[in-house]
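Chain by chain, the residues:
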Amino acid sequence: MAKTIIITGAGRGVGKSCAERFLKEGWSVGLIGRNPDPLSEMEKEHENAMALPCDVADADAVDAAFNAFVGRFGRLDALFNNAGITLPGKPIDEVDVNDWRSLIDINLTGSFICARKAFGLMRHQDPRGGRIINNGSVSAYVPRVGSVAYTASKHAITGLTRTISLDGRAFNIACGQIDIGNALTDMAYSMTQGMPQPDGSVRAEAVMDVEHVASSVLHMAELPLDANVQFMTVMATTMPYIGRG
């Protein structure tokens with residue numbers, strides 16, 4: 001029986017790359033995203049894919065999507081909590097409060113809602129257990145200039161990861177976090193053109209193929225439940241992270 005995973009933010013970028021890799025490896029994959037078109041395209045191309053368009057911040061929609069997936073495939077072995085957004089770089093006093101709330105609603109509350117639903121399914125299925133992988137960021141450790149909302153959300157993801165990892169022990173639920181730095185996706189193309197640096201300059205940064213993220217998430221997901229990658233950082237080797245600031 002094929003392993004099963006739900007991937008949020010599956011319509012583009014890191015989520016799409018991971019979804020395609022898991023499908024290639026024979027997993028049954030639930031595809032969550034707000035734009036149904038790319039999800040439907042993957043569903044048409046792969047019989048083991050299921051498009052589940054919804055907003056991760058909508059608890060009722062998430063419940064319905066996860067229930068539909070389990071109704072078709074029987075169980076949930078893994079969740080990749082990947083959906084997230086960013087804001088244009090600004091100092092804190094220029095960040096609109098509504099923009100802050102929108103980002104936190106998706107990056108943090110959406111991750112909580114999806115993890116909450118996955119945890120409940122994994123806790124009560126037979127055999128019991130599963131794995132939750134949260135997409136953090138190198139910003140969970142070191143901020144970029146003008147990234148207060150995004151950085152705060154990713155620091156909070158680390159707290160979410162640690163708590164789920166602890167609470168999941170009693171139910172054979174493992175939880176880990178992948179922290180990604182400068183994976184080249186459409187969203188990250190601007191990194192190759194120039195990014196603001198702490199000294200006020202704007203410089204192009206090193207990037208890496210997003211496929212390295214997909215293979216890393218697959219490795220985490222394929223481990224037996226008695227082993228766990230608690231935190232993994234995968235990044236462009238020479239990007240400004242180690243010692244940045």
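Owing to the predicted nature of the structure, the values given are computational and were not obtained by experimental measurement. (Residues numbered from 1 in each chain as written. Predicted model: local features only at pLDDT ≥ 70, side-chain atom pairs only at ≥ 80, totals over all residues. Heavy atoms only, no water.)

1. Some remarks on the environment of alanine 10
Tracing the backbone through its elements, the reader meets alanine 10 in the loop between β1 (4–8) and α1 (13–24). Among the residues examined, alanine 10 registers a relative accessible area of 0% and is labelled buried. Placed 24 residues apart in sequence, alanine 10 and arginine 34 show a C-alpha to C-alpha distance of 9.2 Å. Apart from residues no more than four positions distant in its own chain, alanine 10 is found in contact with Gly15, Lys16, Leu31, Ile32, Leu39 and Met42. (Helix = DSSP H or I, 4+ residues; strand = E, 2+ residues; numbered from the N terminus. Buried < 20%, exposed > 50% of the residue type's maximum accessible area, 1.4 Å probe, protein only. Contact = heavy atoms within 4.5 Å.)

2. So, the environment of isoleucine 32
Assignment of secondary structure puts isoleucine 32 in strand β2 (residues 28–33). Taking the C-alpha atoms as reference points, isoleucine 32 and isoleucine 180, 148 residues apart in sequence, are found 20 Å from one another. Ignoring sequence-local partners within four residues, the contact set of isoleucine 32 consists of Ile6, Ile7, Thr8, Gly9, Ala10, Leu39, Leu52, Cys54, Val56, Ala65 and Phe66.

3. Structural notes on helix α3 (residues 59–73)
For α3, built from 15 residues, the straight-helix expectation of 21 Å at 1.5 Å per residue is met to within 8% by its first-to-last C-alpha distance of 21 Å. Of all the positions in α3, only Val62, Ala65, Phe66, Phe69, Val70 and Phe73 are classed as buried. All buried residues of α3 lie within an arc of 125 degrees about the axis, which places them on one face of the element. Every exposed residue of α3 that faces more than 90 degrees away from the buried side is listed here: Asp60 and Gly71. Those residues of α3 hidden inside the fold are in contact with β1, β2, β3 (49–53), β4 (78–81) and α4 (97–124). Between a side-chain oxygen at the N-terminus of α3 and the backbone nitrogen of aspartate 60 the separation is 3.2 Å; the capping residue is aspartate 58. (Expected span 1.5 Å × (residues − 1). Arc of directions from axis to C-beta. Polar contact = N/O pair within 3.5 Å; in protein donor to acceptor, adjacent residues only side chain to side chain.)

4. Section: the pairing of β4
Side-chain alternation along β4 places Ala78 and Phe80 on one buried face and Leu79 and Asn81 on a second face that is also buried. Pairing of β1 with β4 involves three bridges; the strand directions are parallel. Across the sheet, residue isoleucine 7 finds its bridge partner in β4, namely phenylalanine 80. By the bridge criterion, four bridges tie β4 to strand β5 (residues 130–135) in an arrangement that is parallel. (Pairing = 2+ DSSP bridges.)

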